[in-house]
Amino acid sequence: MPHSQYLIVGSSHAALEAATAIRLHDAEGSVTLLTREHRLPYSPTILPYIVSGRSRPEEVTLRDEIWFAQNGVALRRNSEVVRVDPATQSVTTAAGKVWTYDRLLLATGGTPVMPMVPGLSEAKPHVLHTMDDAIALRDAIKQARSAIVLGAGLCGMHVAEGMAKAGLQVSVLIRSRPLREYFSPRAGNLIQAAFAGNGAQMLVGRTPAAVERDGDGCAVTLDDGRTVAADLLMVGTGVTPAMAHLAGSGLETGRGILVDDRMRTSVAGIWAAGDVAEARSFWGGKTVNGILPGAVEHGRIAGADMAQDAALRPFAGAMGLNTYHYFEHHAVSVGLGGQLPDTGEFEIDEQVDAGREKYRRIVMQDGRLVGFASIDDFADPGVMWQLILRRIDLTVMKAAFLAQPQATARRLMSRLWR
Amino acid sequence: MGLSFNTIQFHAERCDGCGECLLACARAKSGTDELAHSRIRILPAEIEPASFPGSAGPFELALCRQCADPKCTTECPAGALSKNATTGVIDWDGEKCVDCLLCTVGCAYAGIAYNPVTARVAKCDTCDGDPACVRACPHEALEWRTAAQIFNAVGEQEDLFVRGLAGCQGCNSELLIRHTLRRVGPECVVAAPPGCIPGMGTVGFNGVTGCKVPIFHPLLTNTASMLAGIKRQYTRVGRDVLMLALAGDGGAADAGFASLSGAAGRNDPMLFICVDNEGYMNTGMQASGVTPYGSWTSTTPVGESLHGERAEAKNLPVIMMQHNCSYVATASTGFMEDYYAKLDRAIAVAKTGMAYLHVFTPCPTGWRIPPEHISAVCRMQVRTNFVVLWEYAPDTGLRLTRPVDKPVAVEEYLKLIGKYKHLSPEQVAHIQHTVNEKVAYLQQMARHARKVEHA
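Keep in mind it's a predicted model, so treat the numbers as computed, not measured. (Residues numbered from 1 in each chain as written. Chains lettered and ligands numbered in written order. Predicted model: local features only at pLDDT ≥ 70, side-chain atom pairs only at ≥ 80, totals over all residues. Heavy atoms only, no water.)

Trainee: So, the overall build of chain B: which residues are in play, and what are the values?
Mentor: Assigned secondary structure in chain B consists of 16 helices and 16 strands. What you see for chain B is a C-alpha radius of gyration of 25 Å, in line with the 23 Å of a compact globule of 455 residues. Its C-alpha atoms give chain B principal-axis dimensions of roughly 70 × 55 × 55 Å. Scored against the burial criterion, the 455 residues of chain B give a buried share of 52%. Once local pairs closer than 6 in sequence are excluded, the contacts in chain B between residues at least 24 apart make up 66%. For chain B, the accessible surface area stands at approximately 19500 Å², while carbon and sulfur atoms represent 53% of it. Looking at chain B, you have 41 positive and 45 negative side-chain charges, and the mean spots of the two groups are 5 Å apart. (Helix = DSSP H or I, 4+ residues; strand = E, 2+ residues; numbered from the N terminus. Rg over C-alpha atoms; globule rule 2.2 N^0.38 Å. Buried < 20%, exposed > 50% of the residue type's maximum accessible area, 1.4 Å probe, protein only. Contact = heavy atoms within 4.5 Å. Areas by Shrake-Rupley, 256 points an atom, 1.4 Å probe, with all protein chains shown as cover. Lys, Arg positive; Asp, Glu negative; His and termini not counted. Charge placed at Lys NZ, Arg CZ, Asp CG, Glu CD.)

Quick look at the structure:
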């Protein structure tokens with residue numbers, strides 16, 4: 001029965017960062033990554049760029065064989081974990097192989113959410129969850145003239161953009177507004193307008209009522225009775241933590257696997273990190289924060305704690321962090337973005353310049369930054385993140401910050417944490 | 001041992017915001033004068049300064065730090081950013097980059113940022129080890145630090161002291177003696193007269209040595225004469241062995257001075273290093289002959305009538321220079337490139353004559369300095385001209401190895417140190433005056449040396 005002192009389930013950002021953190025503190029202990037993938041590690045975030053043809057699958061690996069060899073980390077591919085048994089400190093793969101561990105990290109990410117729409121599953125829509133999905137969708141686009149995208153999250157919007165650029169007639173079904181976790185309605189309108197300006201049909205406020213196969217393509221009946229037909233259907237309505245393998249394990253779960261600020265689960269010897277984990281929110285309570293920078297944070301902390309690294313700094317809490325490049329535009333969002341909590345009073349400074357070329361929204365609370373979002377008006381999101389995390393009091397320089405957020409934030413950075 | 005890498009250092013106090021570095025960077029990276037292409041950003045500071053030592057000047061910097069544990073690389077979904085194992089630079093692969101900007105979330109220092117002209121991210125690549133910004137700066141506010149190469153080279157050499165020497169927390173003398181002995185190598189005999197260096201265990205305890213080469217513990221008074229005798233014996237039997245003294249200022253300037261002066265007068269071949277912490281810090285912080293005016297020590301207390309040391313420190317390196325021995329230099333652990341250049345010269349000289357190195361080593365315990373501030377104090381000691389870095393050889397005369405113009409006020413140095421806490425404004429003014437006098441004297445010596453050279 002194979003044994004690994006550190007056993008990691010998953011091979012994306014959280015898993016790799018945990019392996020790195022373990023090796024920073026423990027050069028000897030055996031580290032093994034079990035992945036259901038048959039490929040070297042890649043990022044889910046890169047998949048829309050595979051679909052568009054911007055990136056080639058063989059060029060986007062996050063770690064190569066040399067890295068695994070040099071760091072003494074074993075990567076076991078085609079090893080999907082289907083069962084976790086804390087009593088025997090073991091996991092079982094789909095092929096029936098049992099691995100035992102001293103410390104286990106679950107970094108299994110998410111699985112696509114399929115909306116409950118009559119006929120949707122039967123229509124076999126494309127999803128974008130794995131590299132194989134991306135290659136299939138990329139190849140399908142080459143044969144198609146039109147497409148429907150369900151959902152206006154980052155994944156759906158990226159794919160829709162790629163399709164529009166490839167010359168397809170694209171329709172995007174948007175239940176409320178695009179990227180609403182990160183951007184306000186005004187910013188959402190700007191994003192939507194850019195898509196419409198590039199020929200995409202934005203069906204705002206619409207949800208699908210039914211889906212039917214239509215020859216090689218499909219037809220979607222909307223909630224207002226209209227029907228849209230296209231060669232391709234893609235579902236990008238989000239992901240949910242992948243926890244099917246946890247049945248009977250006794251791990252406490254909510255929306256995801258519940259973890260503390262050291263990414264420890266309710267069961268001793270088991271950690272969870274990344275999109276599968278439900279950890280502290282910076283704004284209170286717990287949250288599943290399915291973003292790449294969050295997965296990296298989780299992974300670093302989990303790995304350090306597993307290796308008992310005294311330098312570990314507990315998790316400060318999750319917040320929205322994203323960047324979004326679309327057509328000729330670029331947007332960033334840090335902290336409270338699209339939706340503000342009901343509690344608390346916020347000062348909001350939101351500006352769209354007359355030519356509609358720039359957008360900026362600064363949200364403050366008690367003289368401190370709590371949210372920054374912009375379009376075509378770059379300000380270092382990594383610096384803004386620190387300003388929020390450190391709860392820097394900006395009262396004395398509020399005017400300067402509102403007028404010149406990038407330069408003021410950089411000066412603060414140089415003064416306070418260089 | 002991991003590799004160290006060269007780096008760009010910013011001296012905020014020398015920057016006047018002229019923008020030449022931005023222009024040079026933009027030209028080097030884009031061939032245009034469009035400043036949006038510059039990957040270095042100088043920021044005039046209009047906010048309240050935070051209080052920490054070593055901070056000065058109204059300008060701030062945003063520039064890639066080429067982190068050892070970079071976060072931009074971990075946030076990149078495309079594998080477009082990686083730490084170059086040879087150069088230490090975080091390389092950006094424009095072919096792989098998909099312009100998602102997630103790297104700018106990872107970087108807390110604005111080191112990789114969006115360039116609106118190219119619509120891509122851009123970051124410093126150190127111009128392949130010859131940064132255009134550093135060359136362009138007319139004020140030497142940007143410096144290309146190459147100390148990393150020294151550390152890499154020295155790291156390859158064997159550490160000839162044992163593990164677990166017990167210096168005080170924050171003390172730089174362990175760094176100094178370990179690096180020095182690595183550089184000197186195993187063909188040597190070390191003398192460590194009473195002081196902190198034997199006190200931290202270099203000569204060993206209970207019959208066990210703290211050093212992998214022969215080391216002995218002479219009296220305070222006879223270090224140089226013992227080394228002179230041992231050297232003669234080795235020469236007689238035909239062996240080329242270097243004599244190394246690691247003495248404190250007591251063992252050099254006070255009780256040790258008679259034998260040191262004698263050996264210097266005879267130009268006996270040895271490398272004599274005085275690790276100057278301005279007093280007898282190992283035995284209870286008593287004053288020595290090099291304790292500066294105004295210092296609190298246990299023998300120069302602060303009270304109603306006495307306000308610290310009354311006498312001026314004697315300038316021991318200048319006195320050594322007057323002996324006409326083969327090589328004399330001052331050094332600081334805050335300026336290791338400078339120290340290594342002098343150490344290499346001193347090792348070469350010590351085969352045939354006396355090389356004397358005087359290393360200024362602030363003492364966290366005896367001077368009342370928080371351990372984490374020691375390096376900042378070392379640098380400030382030199383930046384205020386309280387310590388001047390120079391070297392002397394009989395054929396070339398005295399040469400300043402670091403410019404002394406544009407010094408920081410000496411008060412900025414004194415206020416970092418507990419033993420000067422009691423100083424009155426008049427005492428501070430007096431110290432500033434003696435520092436100015438000392439600098440003027442050394443400048444005169446240096447000018448004289450240049451005249452002789454040109455004559």
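Trainee: Give me the lowdown on the pairing of strand β12 (residues 270–276) of chain B, citing residues and values where you can.
Mentor: All names here are of chain B. The buried count for β12 comes to seven of seven residues, which makes it a mostly enclosed element. Every second residue of β12 is oriented toward a common face, with M270, F272, C274 and D276 on one face and L271, I273 and V275 on the other, all of them buried. The sheet contact formed by strand β11 (residues 242–248) and β12 spans five bridges and is parallel. Pairing of G248 across the sheet is with V275, part of β12. The pairing of β12 with strand β14 (residues 354–360) spans seven bridges and is parallel. The residue of β14 that forms the bridge with C274 is H358. (Pairing = 2+ DSSP bridges.)

Trainee: Tell me about the sheet that holds strand β10 (residues 201–204) of chain A, and please be specific about residues and values.
Mentor: Residue and element names in this part refer to chain A. Read from one edge to the other, the open sheet built from four strands follows the order β10-β9-β8-β14, with strand pairing classed as parallel. Edge positions in the open sheet fall to β10 and β14 (232–235), since each of these has one partner strand only. Strand-to-strand twist of the sheet, defined as the mean angle between neighbouring strand axes without regard to direction, takes the value 15°. Judged from the five bridges that link them, strand β8 (residues 146–150) and strand β9 (residues 169–174) form a sheet pairing that is parallel. From the neighbouring strand, I148 faces β9, where its bridge partner is S171. (Axes fitted to C-alpha atoms, helices over the stretch in contact; angles between N-to-C directions.)

Trainee: Could you give me a rundown of the pairing of β9 of chain A, with the residues and numbers involved?
Mentor: All names here are of chain A. Of all six residues that make up β9, five are buried, and the element is covered over most of its length. With four bridges connecting them, β9 and β10 associate as parallel partners. Residue pairing for β10: I174 is matched across the bridge by V204. A crossover links β9 with its parallel partner β10, the connecting element being helix α6 (residues 185–197), and its sense is right-handed. (Right-handed = clockwise from strand over helix to strand, strands pointing away.)

Trainee: Go over the sheet that holds strand β21 (residues 329–335) of chain A with me, naming the residues and quoting the values.
Mentor: Residues and elements named next belong to chain A. A sheet is described by the order of its strands in space; here five strands give the open sequence β20-β21-β24-β23-β22, paired in antiparallel fashion. With one partner strand each, in any of the chains shown, β20 (321–326) and β22 (347–352) form the two edges of the open sheet. Each strand axis lies, on average, 10° off the axis of its neighbour in the sheet, ignoring direction. Here seven bridges tie strand β23 (residues 359–365) to strand β24 (residues 368–375), and the two strands are oriented antiparallel to one another. Counterpart to R360 in the pairing with β24 is S374.

Trainee: Explain the side chain of R411 of chain A residue by residue, including any values.
Mentor: If you trace the backbone, R411 of chain A turns up in helix α10 (residues 405–416). Of note is the side chain of R411 of chain A, whose polar atom sits 3.2 Å from the backbone oxygen of P44 of chain B. (Polar contact = N/O pair within 3.5 Å; in protein donor to acceptor, adjacent residues only side chain to side chain.)

Trainee: Please provide a residue-by-residue account of the environment of A160 of chain A, values included.
Mentor: Residue and element names in this part refer to chain A. With respect to the helices, strands and loops of the structure, A160 is situated in helix α5 (residues 154–165). For A160, a relative accessible area of 0% puts it in the buried group. In this structure, the C-alpha to C-alpha distance between A160 and L389, residues 229 residues apart in sequence, is 34 Å. Leave out the neighbours within four places in its chain, and A160 touches V149, V170, V172 and F195.

Trainee: Please give an account of the interface of chain A and chain B that cites residues and values.
Mentor: In this complex, chain A contributes 41 residues to the contact, which on the side of chain B involves 40 residues. Both faces combined, the contact of chain A with chain B buries some 3700 Å², and carbon together with sulfur accounts for 58% of it. By the criterion of area lost to chain B, the three top residues of chain A are R411, R415 and R418 of chain A, representing 23% of everything that side buries. At the junction of chain A and chain B, the tally comes to four salt bridges. Here E297 of chain A and K71 of chain B are joined by a salt bridge, their closest N and O atoms 2.6 Å apart. Our count for the contact surface shared by chain A and chain B stands at twelve residue pairs in polar contact (both at pLDDT 80 or more). Listed by contribution, the elements that provide at least two residues to the side of chain A that touches chain B are α1 (13–25), α7 (292–306), β20, α8 (381–389) and α10 of chain A. Counting residues per element, the side of chain A that touches chain B draws most heavily on α10 of chain A, which supplies seven residues. Split into classes, the residues belonging to the side of chain A that touches chain B amount to 19 nonpolar, twelve polar and ten charged. (Buried area = accessible area lost by both parts, 1.4 Å probe. Salt bridge = Lys/Arg side-chain N within 4 Å of Asp/Glu carboxyl O. Nonpolar A, V, L, I, M, F, W, Y, C, P; charged D, E, K, R; others polar.)

Trainee: An account of the side chain of T223 of chain B is requested, with residue identities and associated values reported.
Mentor: All names here are of chain B. Tracing the backbone shows T223 in helix α8 (residues 223–236). The buried category is assigned to T223, whose relative accessible area is 1%. Of note is the side chain of T223, whose polar atom sits 3.3 Å from the backbone oxygen of L219. Ignoring anything within four residues of it in the chain, the contact list for T223 reads A191, P193, P218, A245, S259 and F272.

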